[in-house]
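# Coordinates in review
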Amino acid sequence: MNNDICEITCINEEKVNRVKTSLAEQNSTDVAKIFKVLSDDTRIKIAYALSVEDELCVCDVANITGSTIATASHHLRLLKNLGIAKYRKEGKLVFYSIDDEHVKNLIHLAFAHQKEVREIE
């Protein structure tokens, strides 16, 4: 028998209704999209790099991730399309940055959490 599941069904209707009401006011699908796009190792590295530096050009990102410029550009475009990153063009260079302080905080929190988990193990 599993020790990590309830052995009987017991529902706290007050808590369940409170959470359901709160969830109904949220857009969980769009939030899931953010986590989905950040679940790729290359994209989380890019997002982290952009959270550490104010902005980086596509060439810098490619060098940081060890990928081609085309691959870095593809990942940056995905981050931009989901509102995680924004870009500006300066001459022949394209610079990307994190679009929102919340995203920057989310990335730093995720890395801090993983560091703590690693230290506990």
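Structural notes, computed from the coordinates.

## Re the sheet that holds strand β1 (residues 56-57)
Reading across the sheet, the three strands line up as β1-β3-β2 and stay open at both edges, with antiparallel pairing between neighbours. With one partner strand each, in any of the chains shown, β1 and β2 (85-90) form the two edges of the open sheet. Direction of pairing for β1 relative to strand β3 (residues 93-98): antiparallel, over a ladder of two bridges. Along β3, the bridge assignment pairs C57 with F95.

## A look at the pattern of salt bridges
Tallied over the entire structure, the rule returns five salt bridges. For D30, the salt bridge goes to K33, with nearest N and O atoms at 3.7 Å. Within this pair, D30 and its partner K33 are both found in helix α2 (residues 28-38), separated by three residues, close to a single helical turn. Overall, the relative accessible area of 38% leaves D30 in the partly exposed class. Sharing partners across several salt bridges, the network here consists of E55, R88 and E90.

## A look at the packing of aromatic side chains
Within the structure shown, the criterion is met by two aromatic pairs. Note on Y87 and Y96: the rings are 5.7 Å apart at their centroids and 35° apart in plane angle, and the pair reads as tilted.

## Overview of the packing of helix α3 (residues 41-52) against helix α6 (residues 101-120)
Direction vectors running N to C along α3 and α6 enclose 115°, while the axes themselves pass 9 Å from each other. Regarding the angle of α3 to α6, the classification is roughly perpendicular. The interaxial crossing formed by α3 with α6 has left-handed handedness. Contacts between α3 and α6 pair I44, A47, Y48, L50, S51 and V52 from the former with K104, I107, H108 and F111 from the latter. The residue inventory of the contact of α3 with α6, partitioned by class, reads seven nonpolar, two polar and one charged.

## Regarding the pairing of β3
Here six bridges tie β2 to β3, and the two strands are oriented antiparallel to one another. Residue pairing across strands places K86 opposite S97, the latter belonging to β3. Hairpin remark: β2 followed by β3, antiparallel, with two residues in the connecting loop; positive phi at G91, about 65°.

## Overview of the state of the cysteines
Summed over all chains, the structure comprises zero disulfides. Of all cysteine sulfurs in the structure, the one in C59 sits closest to C57, which takes part in no disulfide; the separation is 4.3 Å.

## Some points on helix α4 (residues 58-65)
Those residues of α4 that fall on the buried side of the exposure criterion are V58, V61, A62 and T65. Take α4 and look down its axis: the buried residues cluster within an arc of 100°, on one side only. At the exit of α4 stands G66, carrying a positive phi of roughly 70°.

## A word on helix α5 (residues 69-81)
Residues three or four positions apart in an α-helix share a direction because the helix packs 3.6 residues into each turn. Its 13 residues place the ends of α5 18 Å apart at the C-alpha level, agreeing with the 18 Å of an ideal helix rising 1.5 Å per residue. The set of residues buried in α5 consists of A72, S73, H75, L76 and L79. Looking straight down α5, one finds its buried side chains confined to an arc of 165°; they lie on one side. Residues A70 and N81 are exposed on α5 and point more than 90 degrees away from its buried face. Packing partners of the buried residues in α5 comprise α2, α3, α4, β2 and β3. Immediately beyond the C-terminal end of α5, within one or two residues, lies G83, with a positive phi of roughly 80°.

About the cut-offs
- Residues numbered from 1 in each chain as written.
- Predicted model: local features only at pLDDT ≥ 70, side-chain atom pairs only at ≥ 80, totals over all residues.
- Heavy atoms only, no water.
- Pairing = 2+ DSSP bridges.
- Helix = DSSP H or I, 4+ residues; strand = E, 2+ residues; numbered from the N terminus.
- Salt bridge = Lys/Arg side-chain N within 4 Å of Asp/Glu carboxyl O.
- Buried < 20%, exposed > 50% of the residue type's maximum accessible area, 1.4 Å probe, protein only.
- Phe/Tyr/Trp six-rings, centres within 6.5 Å; stacked < 30°, edge-to-face > 60°.
- Axes fitted to C-alpha atoms, helices over the stretch in contact; angles between N-to-C directions.
- Parallel < 35°, antiparallel > 145°, perpendicular 65-115°, else oblique.
- Left-handed = near helix turned anticlockwise from the far one by under 90°.
- Contact = heavy atoms within 4.5 Å.
- Nonpolar A, V, L, I, M, F, W, Y, C, P; charged D, E, K, R; others polar.
- Disulfide = S-S within 2.5 Å.
- Arc of directions from axis to C-beta.
- Expected span 1.5 Å × (residues − 1).

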